[in-house]
Amino acid sequence: MSRRRWRLLAPALLLVGIAACRGDHDDRHTLTFWAMGRESEAVAQLMPAFEREHPDILVEVQQLPWKAAHQKLLTAIAGDTTPDVAQLGNTWLAELHALDALVPLQPYVERSRVVQPADYFPGIWATNRIDGRLVGIPWYVDTRLLFYRRDLLATAGFDAPPRDWAAWSRQLAALQAHAAPDHYAILLPTNEFEQLLSLGLQQDEPLLRDGGRYGNFESAGFKRALAFYVERFKRHEAPLLSNTEVPNPWAEVGRGVYAFYFSGPWNIGEFRQRLPASQQDAWATAPLPGPDGPGAGIASGSSLVIFRHSPRKAQAWLLIEYLSRPSVQRQFYQLLGDMPPRRSAWQGEALRDDPAVRAFREQLERVKPTPPVPEWERIVTEMQLVAARAAHGELTVDQAAAEIDRRADAILAKRRWMLDRAGSTR
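Residues numbered from 1 in each chain as written. Predicted model: local features only at pLDDT ≥ 70, side-chain atom pairs only at ≥ 80, totals over all residues. Heavy atoms only, no water.

1. Quick word on helix H13 (residues 266-274)
When we look at burial in H13, the residues that qualify are Asn267, Ile268 and Phe271. Looking down the long axis of H13, one finds its buried residues gathered within 115° of arc, a one-sided arrangement. Where H13 is buried, its residues meet strand S7 (145-149), helix H12 (249-254), strand S11 (258-263), strand S12 (283-286) and helix H17 (355-364). (Buried < 20%, exposed > 50% of the residue type's maximum accessible area, 1.4 Å probe, protein only. Helix = DSSP H or I, 4+ residues; strand = E, 2+ residues; numbered from the N terminus. Arc of directions from axis to C-beta. Contact = heavy atoms within 4.5 Å.)

2. Brief notes about the layout of surface pockets
Roughly 1,300 Å³ of volume is contained in the largest pocket. The wall of the largest pocket is formed by 48 residues, among which Tyr140, Asp142, Arg144, Trp266 and Ser300 lie closest to the centre. Among the residues making up the lining of the largest pocket, the classes are represented as 23 nonpolar, 13 polar and 12 charged. In terms of lining residues, the second largest pocket is bounded by 21 residues, among which Ala98, Pro374, Glu375, Arg415 and Met418 are the most central. (1 Å grid on protein atoms, 1.4 Å probe; cavity = no way out; pocket = protein on both sides within 12 Å on 5 of 7 lines; lining within 4 Å. Points joined across faces, edges and corners; volume = space filled by probe spheres on them. Nonpolar A, V, L, I, M, F, W, Y, C, P; charged D, E, K, R; others polar.)

3. Thoughts on the sheet that holds strand S2 (residues 57-64)
In sheet architecture, strand pairing relies on hydrogen bonds along the backbone and comes in two forms, parallel and antiparallel. Ordered in space as S2-S1-S3-S14-S6, the five strands form an open sheet in which the pairing is mixed. Every interior strand has two partners, whereas the edge strands, S2 and strand S6 (137-142), have only one. Going across the sheet, the axis of each strand differs from the next one's by a mean of 20°, ignoring polarity. In the sheet, strand S3 (residues 85-89) pairs with strand S14 (residues 300-306) via five bridges, with the strands oriented antiparallel. Residue pairing across strands places Gln87 opposite Leu304, the latter belonging to S14. (Pairing = 2+ DSSP bridges. Axes fitted to C-alpha atoms, helices over the stretch in contact; angles between N-to-C directions.)

4. Concerning the pairing of S11
In terms of residue burial, S11 counts as a mostly covered element, since six of its six residues are buried. Bridge count between S7 and S11: four bridges; the pairing is antiparallel. Counted as the bridge partner of Leu145 is Ser263 from S11. Looking at chain direction, strand S8 (residues 184-187) and S11 are connected through three bridges and run parallel. In the strand pairing of S11, Leu187 is matched with Tyr261.

5. A closer look at the pattern of salt bridges
In this structure the tally under the stated criterion is 25 salt bridges. Note that Arg144 and Glu194 form a salt bridge whose closest N and O atoms lie 3.4 Å from each other. Remark: Glu194 occurs in helix H10 (residues 194-201) and Arg144 occurs in the loop between S6 and S7; sequence separation between them is 50 residues. Because the salt bridges share partners, they merge into one network encompassing Glu382, Glu403, Arg406 and Arg407. (Salt bridge = Lys/Arg side-chain N within 4 Å of Asp/Glu carboxyl O.)

6. A closer look at the packing of aromatic side chains
For the structure shown, the criterion picks out 22 aromatic pairs. A ring pair is formed by Phe50 and Tyr322, whose centres lie 5.3 Å apart and whose planes are at 50°; its orientation type is tilted. One end of the pair, Phe50, is in helix H3 (residues 47-53); the other, Tyr322, is in helix H14 (residues 313-324), and 272 residues separate them in sequence. Judged by relative accessible area, which is 0%, Phe50 ranks as buried. Considering the side-chain rings of Tyr148 and Phe260, the 6.0 Å spacing of their centres and the 35° angle between planes classify their relative orientation as tilted. (Phe/Tyr/Trp six-rings, centres within 6.5 Å; stacked < 30°, edge-to-face > 60°.)

7. Remarks on the side chain of Asn128
With respect to the helices, strands and loops of the structure, Asn128 is situated in the loop between helix H7 (122-126) and strand S4 (129-130). A distance of 3.0 Å separates a polar atom in the side chain of Asn128 from the backbone oxygen of Ile124. With residues up to four places along the chain from it excluded, the contact list for Asn128 reads Leu93, Arg133, Leu134, Val135, Gly136, Ile137, Pro138 and Ser303. (Polar contact = N/O pair within 3.5 Å; in protein donor to acceptor, adjacent residues only side chain to side chain.)

8. Here's the deal with the sheet that holds S11
The four strands lie next to each other as S8-S11-S7-S12, forming an open sheet whose pairing is mixed. Of all the strands in the sheet, just S8 and S12 have a single pairing partner and so form its edges. Pairs of neighbouring strands in the sheet enclose a mean axial angle of 20°, with direction left out of account. Packing against the sheet, H13 makes contact with S7, S11 and S12, and its axis sits at approximately 145° to S11.

This is the structure in structure tokens:
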């Protein structure tokens, strides 16, 4: 070949090479992963290792603000622009399942060597089964329990946190008797539903009845929970304040304004960052007391789902398997503090040896799912609005329970119509 001909061919060969490289990149499967809030930032740090294992897959993590995420998901479903994989709050699963937007995952689990249902806390796994179908895989889990001042409890004459409601009532009364003016035994923000919901889930009766068609808040169990909750305010053991009126609860607990704080795992980091070293031994965590012994709690957190219209379902499942590995879940915990839903993931030192985390590990064995109906978030919001009126003395327990049922039944009217219509056409 002449030198002149080589000069002419070289640019062409270079262009072919570039095109080939581009072609190789274009052949990669690009997965779109929608994640919310801080989780999106943390999970992006885990993607390079996944892509090294799967060089034919590229993951694009897109961040959604929590406040806008629900509407964006509904808009994407309506416009057929859903991602391949997404993080969903557990209470959204029923709604998106009702819209037929999610891929049933049981066949994938049955073939998987990574996702082992028996390794998951039962309550959090149960949140992902809607109408008998597995539609999500738990990604991280949280629940609510007690943060408390162990020194204040000791001063009131107790050497251990309560294990049942009777002991809890005695401790709250003793703490309030020893409290300074404008100090309280417990903080229960009146605009947070999680505390009352936790007490309600500890009862034998379900919160909804007849297949989720009607509220069951007038049941003896829920009224028992509501009465216990309202009693804390009547006895002035808890202040009638919303969480917006307590902007720095950690400092208030540190000052002894509250002896008990009913909250979630993210506050472990807050207490460690906000309280001085001299107070780090003064606070601790404890599982929730129940009516007659250790109590249940809320199975909360987020799950991973695959959308029905994804053209890359096999690759999407590989990503879910990767994020479900105990070792990766431990990395995720170290990045963010989100607790893993698998028992084996808790064998790492950061979780196993942390005394503040230990109570959450115990509590997670007793978490319960909330009713799997799309309307649940609206119902629980109305529950708390009415409960706040009862806490202020505007309604009796019986009146409040009846009002919550009335509001729940109104919200569930369309569900009853759809279920009855579906039954009549069979």
